[in-house]
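So the chains spell out like this:
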Amino acid sequence: MKFQRHDAIRELVAHALVANQDELRRKLRRRGFEVTQATLSRDIHELRLTKGPGGYSLPNGSGNGNGSGTHAAEDGPPSVAQMMGSFGLQVRHAMNQVVLRTTMGGAQPMAAALDRESWSEVLGTIAGDDTVLLICPDMRRAHEVETRLRKMLES
């Protein structure tokens, strides 16, 4: 059942605008899949869907009516640079911390991308809805992380 549900989610995201989890849950219900919010959150995480201003997208960039419906396993997860292009708004550092402002709903996928890349200058991340806090070992490395993220934001 999980595999059929994942296929349905991929198809929905690849061929139609899906702006939020509630909308995705309703579309799945119309296809015969009753899911809880917790199950849907797990599915979104497992499929590595990203949410941008235009709704959910597959890891290969397909989504919102523009996709070909290819499976998520064929492409790796988006990089920090790609996520900055989709979600990043502002970067500042304070002491040994970096504060990254994102679009609404963009902080958690952004933090997940940073965690996946395991930057040596970052000890860990904490994500809210539109803000990611990056903890660095010292002020010098926080400044390096800020500079690195700012370059991604400006390109």
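Just so you know, these numbers come straight off a predicted model, no measurement behind them. (Residues numbered from 1 in each chain as written. Predicted model: local features only at pLDDT ≥ 70, side-chain atom pairs only at ≥ 80, totals over all residues. Heavy atoms only, no water.)

On to the overall build of the protein chain, then. A tally of regular secondary structure across the protein chain gives six helices and six strands. For the protein chain, the succession of helices and strands along the chain, N to C, is α-α-α-β-β-α-β-β-α-β-β-α. When contacts within the protein chain are restricted to residue pairs at least 6 apart in sequence, long-range pairs at least 24 apart make up 57% of them. Approximately 8,400 Å² of the protein chain is accessible, and the part contributed by carbon and sulfur atoms is 50%. (Helix = DSSP H or I, 4+ residues; strand = E, 2+ residues; numbered from the N terminus. Contact = heavy atoms within 4.5 Å. Areas by Shrake-Rupley, 256 points an atom, 1.4 Å probe, with all protein chains shown as cover.)

What the largest pocket holds in volume is close to 550 Å³. For the lining of the largest pocket, the secondary-structure elements that each account for two or more residues are helix H3 (37-46), strand E1 (50-52) and helix H5 (107-117). Broken down by class, the residue content of the lining of the largest pocket amounts to seven nonpolar, seven polar and five charged. (1 Å grid on protein atoms, 1.4 Å probe; cavity = no way out; pocket = protein on both sides within 12 Å on 5 of 7 lines; lining within 4 Å. Points joined across faces, edges and corners; volume = space filled by probe spheres on them. Nonpolar A, V, L, I, M, F, W, Y, C, P; charged D, E, K, R; others polar.)

Read across the open sheet, the four strands follow the order E3-E4-E6-E5; overall the sheet is antiparallel. In this open sheet, the two strands that pair with only one neighbour each are strand E3 (88-94) and strand E5 (124-127). Strand-to-strand, the axes of this sheet are offset by a mean angle of 20 degrees, without reference to chain direction. Packed onto the sheet, helix H4 (residues 80-87) meets E3 and strand E4 (97-102) and runs at close to 110 degrees relative to E3. (Pairing = 2+ DSSP bridges. Axes fitted to C-alpha atoms, helices over the stretch in contact; angles between N-to-C directions.)

Here we come to the pairing of E4. Residues of E4 alternate between two faces, with Val98, Leu100 and Thr102 buried on one and Gln97, Val99 and Arg101 left unburied on the opposite face. In the sheet, E3 pairs with E4 via six bridges, with the strands oriented antiparallel. The residue bridging Ala94 from the neighbouring strand is Gln97, located in E4. Between E3 and the antiparallel strand that follows it, E4, lie two residues; Met95 among them carries a positive phi value of about 55 degrees. In terms of strand pairing, E4 meets strand E6 (residues 131-135) through five bridges, oriented antiparallel. For Arg101, the partnering residue across the bridge sits in E6 and is Thr131. (Buried < 20%, exposed > 50% of the residue type's maximum accessible area, 1.4 Å probe, protein only.)

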